[in-house]
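Residue-level structural notes
So you can see what is in the structure, the chains are spelled out below.
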Amino acid sequence: MPKKHDTKDLTDKPLPRQTIEQPKASLSERIAKARQIPREKKSIPRGIHLGVQVLVELFAPIAVGGWIGWGLDRHFQTAPWLLLVFFVMGFTAGLFGVVRTARRWERESRSS
């Protein structure tokens, strides 16, 4: 037969009000202090931002062009010609995007 636990020590006496309120006040004070501390805005370094932007602007049109060309080749059964045409069009669009971004960043760096 399992042994019953002694429950004499576990009375339903409420804790004194002071011990309950004290942690609340302490937490409220810490929250108020934390809100007063000015936060530094975390930003991506300019060089990393430029690199990621150039990569996306170069490879996204190539991928989209390749995907469209592949789909059209499958539909019209002209493989690999439409894939190559749209791949080249995507590459050209990507280069124009990179040049446009480089010019914009150059203008911004001169003005600042």
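Notes on the structure follow.

Procedures and definitions
- Residues numbered from 1 in each chain as written.
- Predicted model: local features only at pLDDT ≥ 70, side-chain atom pairs only at ≥ 80, totals over all residues.
- Heavy atoms only, no water.
- Salt bridge = Lys/Arg side-chain N within 4 Å of Asp/Glu carboxyl O.
- Helix = DSSP H or I, 4+ residues; strand = E, 2+ residues; numbered from the N terminus.
- Buried < 20%, exposed > 50% of the residue type's maximum accessible area, 1.4 Å probe, protein only.

**Here we look at the pattern of salt bridges**
- Taken as a whole and judged by the stated rule, the model has two salt bridges.
- Note that Arg46 and Glu108 form a salt bridge whose closest N and O atoms lie 3.9 Å from each other. In this pair, Arg46 sits in helix H2 (residues 46–76) while Glu108 sits in helix H3 (residues 81–111), placing the two residues 62 residues apart along the sequence.
- The class of Glu108 is partly exposed, set by a relative accessible area of 35%.
- One salt bridge in this structure joins Arg110 and Glu106, with 2.8 Å as the shortest N-O distance. Linking Arg110 with Glu106, this pair stays in helix H3, spanning four residues, or about one helical turn.
- Judged by relative accessible area, Glu106 falls into the partly exposed class, the value being 40%.

**Notes on the environment of Arg100**
- Within the secondary structure, Arg100 sits in helix H3.
- Of the residues examined, Arg100 reaches a relative accessible area of 53% and is grouped as exposed.
- Expressed as a C-alpha distance, the spacing of Arg100 and Glu57, which sit 43 residues apart in the sequence, is 9.8 Å.

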